[in-house]
Amino acid sequence: MSELKFTKEHEWIRIEGKEGVVGITDYAQQQLGDVVFVELPEVGRKLAKGVEAAVVESVKAASEVYAPVSGKIVAVNQALPNDPAKVNQDPAGEGWFFRISIDNPGELKELMDEAAYKAHVGGGQ
Amino acid sequence: MGEPSLASLKRTPLHELHVELGARLVPFAGYEMPVQYEGIIAEHAATRQGAGLFDVSHMGQARIVGAGAAEALERLVPGNIVELKPGRQRYTVFTNAQGGILDDLMVTNLGEALFLVVNAACKEQDFAHLRANLSGGVHLEEMPERALVALQGPRAAAVMGCLSPGADRMAFMSRSALRVAGIACEATRSGYTGEDGFEISVVAAKAVALARALLAEPGVKPVGLGARDSLRLEAGLCLYGSDIDTTTTPVEADLSWTIAKRRREGGGFPGAEIIRRQLAEGAPRLRVGILPEGRQPARAHTEVFSAAGERIGEVTSGGFGPTLGRPIAMGYVRRDFAAAGTELRLVVRGKEMPAKVVPMPFVPHRYHRG
């Protein structure tokens, strides 16, 4: 059973037990436009919640992907740097960025559920 | 959030059409402008492969009228305007007393007047500058009642020829009064993409009808400011405010070709002494093409270092070149590092990235020659 949570900065995290898979939302990829570059964190790197974890750049703009929870990078999407357009094509699936351990499950309470996230971006559309 | 309110922005006569076409509108130079419709890469490709239609109505259009208009304009620009033949168009720059660039512009000789197209962000200042410096019987007539669209790409000539028989035979950098799909227009064969194309001036009330007629032709797609920027960057063309401004001279900006021999010798434009000295002795820095290695774009203001680690310049425009599928940039480097092939180091997000100086354009120009 997996659960999806969202950050104000437009990351999603799919919680799978003690780990989470992280990407950017469909709203975020639409705002960015055509993604042309992705830089992923090193596997094994420890990140505090809210710290810059990855870089995503479109034709027009550069943006950061932040760690939605504190933890260690367990895996990264190796296919992404060579095919960054996956972020546009399938942001919630093949366009995932990294898998992180959830060191402090209490932090998950600070994230939004899907309904709250939709309300969060609803005002900006 | 943090963006200027769209309510305070001006709109072009094509605003409703942009909304209908699903454009994402952003603030630009005081206007609400389409940055993209379908997506920058798709629109960029449509322009390189077919034809793109751009709304550039935010740009300033004006005429200089009266006997001696060309002589009067020459006192403000280093270009050869006096010998510009009727029906011909030329690119030039307004300079200041330090030889810096106040704006870049297109000048067309209409025969009875000069027609100018200037940048949106500079137009009020340009027009004030002109009014303050034109005298006698020469004066400025602004043309706020006119819209401007650009049709750019390898299919542009066929599209124009279909809607206005003979328009496809216009020479590069020439101007004609046309009826396009029955609508009275003033067209020049020029543009800002490196492709063959036309810029078409039309009264605001007819702008939507003209745009719809052009968009109805096969292969024509609406293109926003996002792709306009990636197209001009690939073409090695300057963006005012980024690549050229009051602190860059035409010589530093690699625009010496815009300064005619007669003007080099005779001077008579603001900053002539500095510009003539730079033409004779070389400028301290030059605008060059920069090709970063790898996939990461180097954006404007990225610092440029020599292979030995000395800071020698800065990127002024940088991004992704969709035609090349890789990052490209332009910027200023010290003169002794400006030769093509020179190894550079860029610092992007705190990391060193190798790059080299390359000739521009990045994508060959395909202007109409014939």
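For the structure given in this document, a descriptive report is provided here. Keep in mind that this is a model prediction, so the values were computed, not measured.

### What about the interface of chain B and chain A?
Argument step 1. Taken together, the contact between chain B and chain A spans 16 residues of the former and 20 residues of the latter.
Argument step 2. Roughly 1,500 Å² of surface becomes buried between chain B and chain A when both sides are summed, with 45% attributable to carbon and sulfur atoms.
Argument step 3. The largest share of the area that chain B buries against chain A comes from B:Arg295, B:Arg299 and B:Arg349, three residues that together contribute 41% of it.
Argument step 4. The interface formed by chain B and chain A includes six salt bridges.

### Thoughts on the sheet that holds strand β19 (residues 351-358) of chain B
Residues and elements named next belong to chain B.
Argument step 1. Taken in spatial order, the six strands line up as β14-β17-β16-β15-β18-β19 and close into a barrel, and their pairing is antiparallel. Sheet twist, expressed as the average angle between the axes of neighbouring strands with direction ignored, equals 40°.
Argument step 2. Strand direction decides the pairing type here: strand β18 (residues 343-348) and β19, joined by six bridges, are antiparallel. Looking at β19, one finds that valine 347 is bridged to glutamate 352.
Argument step 3. Where helix α7 (residues 225-234) meets the sheet, its contacts fall on β16 (311-321) and β17 (326-334), and the angle it forms with β16 comes to roughly 125°.

### Side note on unusual backbone geometry
Residue and element names in this part refer to chain B.
Argument step 1. In this chain, methionine 360 is followed by proline 361 through a cis amide linkage whose omega measures 5°.
Argument step 2. Following the sequence through the fold, proline 361 ends up in the segment after β19.
Argument step 3. For methionine 173, which is not a glycine, the phi torsion comes out positive at approximately 60°.
Argument step 4. Along the chain, the position of methionine 173 falls in the loop between α5 (156-163) and β10 (175-180).
Argument step 5. If you check the backbone angles, alanine 181 has positive phi at about 50° while not being a glycine.
Argument step 6. Mapped onto the fold, alanine 181 is located in the loop between β10 and β11 (183-188).
Argument step 7. The exposure class assigned to alanine 181 is partly exposed, which follows from its relative accessible area of 38%.

Reading the values: rules and limits
- Residues numbered from 1 in each chain as written.
- Chains lettered and ligands numbered in written order.
- Predicted model: local features only at pLDDT ≥ 70, side-chain atom pairs only at ≥ 80, totals over all residues.
- Heavy atoms only, no water.
- Contact = heavy atoms within 4.5 Å.
- Buried area = accessible area lost by both parts, 1.4 Å probe.
- Salt bridge = Lys/Arg side-chain N within 4 Å of Asp/Glu carboxyl O.
- Pairing = 2+ DSSP bridges.
- Helix = DSSP H or I, 4+ residues; strand = E, 2+ residues; numbered from the N terminus.
- Axes fitted to C-alpha atoms, helices over the stretch in contact; angles between N-to-C directions.
- Buried < 20%, exposed > 50% of the residue type's maximum accessible area, 1.4 Å probe, protein only.

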